[in-house]
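# Per-entry structural report
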Amino acid sequence: MSFIKTEQRGYTGVITLDHSEKRNALSEALVHELVEALETFQKQNVRAVILRARPGVKVWSAGHDVSELPGRGRDPLGWNDPLRILIRTIQECPMPVIGMIEGSVWGGACEVAMACDILVITPEVTFAITPAKLGVPYNIGGLLTLLNMIPLPIMKEMLFTAEPLSSDQAFNLGIVNYIKPAGDIEDFVLGMAERIATNSPLSIGVMKDALRLLSSAHSVTPELFERIQGMRRIVYDSEDYQEGVRAFREKRRPSFPGK
Ligand code: YZS
Ligand code: YZS
């Protein structure tokens, strides 16, 4: 079964999320296809990638596939979790990835958007980062992806309320590059990708990687790393995490005991 569609137009590679039944949730299978598509594009000398969903969708992606989150006692966002693999693949691929977004963006899909190099969205887009609704302790690398895009007070509000940020706010804060009406967005993004493709892919690839390395150049001592991991562990060992995931499966509001 295929959860995405891919298309190559000259030097531009287009990936379309295509699993509307599950609102493009980032299952292991979907992520695997996405990662393969990016690797194939790289081999085929694609110079710019567009990551989009089907035209007119209400949900760009519902985020991590909650049915695949591990049970209590295991890190839900460990190094080899599909979301983590996808984020690294987008960040480390040398071609610029343009996120072309229609619809709402949830949880881990917000991080996918923030891992893209350039964002173009329609006016209806919203971004909600939702670990606090599931009792998930978001991982450190993931927080850094968000921190590199979102001003700290706004990020705290998003994380603590888990409420959506509007397209206007995202644009005014410089998180997204452009807001375009649904009827214009595709041509606009394709045009931008074509213009990128006329420039030196070697120069662009190295600058992208250097910017990634510079923006992740925070020194964390082993002790600090272990301390944060220890704090996170308390959360994924907790009743809150169990209740959050269970409530999602049972399609009801969670009631968090706070322990
Ligand atoms: O009942 P069926 O089998 O038709 O499946 C339903 C949903 O269960 C499924 N689905 C998902 N399955 C797994 N993981 C998901 N994230 C997910 N989202 C949806 O898709 C089928 C259609 O869903 P409905 O709810 O009926 O669709 P609709 O009424 O259109 O509502 C769309 C939204 C997106 C509003 C709704 O599905 C929703 O609230 N989804 C969850 C959004 C969310 O909270 N995502 C964050 C997931 N967590 C993460 O990414 C990170 C771990 S974290 O939490 O740390 O940020
Ligand atoms: O033909 P003659 O001898 O009259 O000389 C011409 C140009 O060759 C010369 N000239 C330059 N020479 C060396 N380095 C330059 N950057 C440079 N720019 C211009 O000046 C004479 C007049 O130039 P025209 O092209 O005839 O003037 P005009 O029609 O008024 O056009 C002006 C612009 C500025 C639009 C045009 O000259 C142009 O596109 N110049 C190049 C702009 C550019 O790409 N600069 C970036 C250079 N690179 C860097 O700063 C970094 C290394 S990097 O690339 O990393 O950002």
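The present account deals with the structure reproduced in this document. All residue numbers here refer to positions counted from 1 along the written sequence of the relevant chain. The lettering of chains begins at A and the numbering of ligands begins at 1, in the order of writing. Confidence filtering applies because this is a predicted model: local features only for residues at pLDDT of at least 70, side-chain atom pairs given and counted only at 80 or more, and all residues used for totals across whole chains, interfaces and linings. Side-chain numbers come from the whole structure's heavy atoms, not from hydrogens or water.

Another aspect to go through is the site of ligand 1. Throughout this document, a residue counts as near a molecule or strand when at least one of its heavy atoms sits within 4 Å of that molecule or strand. In the vicinity of ligand 1 there are 20 residues, among which Lys-22, Arg-23, Ala-62, His-64 and Gly-108 approach most closely. Within the backbone of Glu-21, one N or O atom sits 3.5 Å away from an oxygen atom of ligand 1. Contacts to ligand 1 include Val-66, whose backbone N or O atom sits 2.9 Å from a nitrogen atom. The Shrake-Rupley method, run with a 1.4 Å probe, gives the accessible areas here. Residue values count only the displayed protein chains as cover. Protein coverage of the free-state accessible area of ligand 1, which is 990 Å², stands at 70%. Put simply, Ala, Val, Leu, Ile, Met, Phe, Trp, Tyr, Cys and Pro go in the nonpolar bin, Asp, Glu, Lys and Arg in the charged bin, and everything else, Gly too, in the polar bin. Taken together, the residues that form the shell around ligand 1 break down as 10 nonpolar, five polar and five charged. Here a polar contact means two N or O atoms within 3.5 Å. Within protein one must be a hydrogen donor candidate and the other an acceptor candidate, and residues neighboring in sequence count only if both atoms are side-chain atoms.

A separate point is the sheet that holds strand 9 (residues 165-166). Ordered by their spatial adjacency, four strands build an open sheet running 4-6-8-9, and the pairing between neighbours is mixed. At either margin of the open sheet sits one strand with a lone partner, and together these are strand 4 (59-61) and strand 9. When checking whether two residues touch, look at their non-hydrogen atoms; a contact exists if any pair is within 4.5 Å. Here an angle of 0 to 180 degrees is reported between the N-to-C directions of two axes, which are lines fitted to C-alpha atoms, with helices fitted over the stretch in contact. A helix here means a DSSP run of H or I that spans at least four residues, while a strand means a run of E at least two residues long, and both kinds are numbered starting from the N terminus. Along the sheet, helix 3 (residues 108-115) contacts strand 4, strand 6 (104-106) and strand 8 (126-128); its crossing angle with strand 6, the most-contacted strand, is approximately 105°. Note: two strands are recorded as paired if DSSP finds a minimum of 2 bridges between them.

For the rest of this paragraph, the subject is the pattern of salt bridges. Here, a salt bridge means any Lys or Arg side-chain nitrogen found within 4 Å of an Asp or Glu carboxyl oxygen. One pass over the full model with this rule turns up 13 salt bridges. With a shortest N-O distance of 2.7 Å, Glu-243 and Arg-252 are connected by a salt bridge. Classification of residues uses two cut-offs on accessible area relative to the type maximum, computed with a 1.4 Å probe and protein chains only: under 20% is buried, over 50% is exposed, and between them is partly exposed. For Arg-252, a relative accessible area of 34% translates into the label partly exposed. For Arg-252, the salt bridge goes to Glu-250, with nearest N and O atoms at 2.8 Å. One salt-bridge network, in which partners are shared between bridges, spans Glu-7, Arg-9, Arg-52 and Glu-186.

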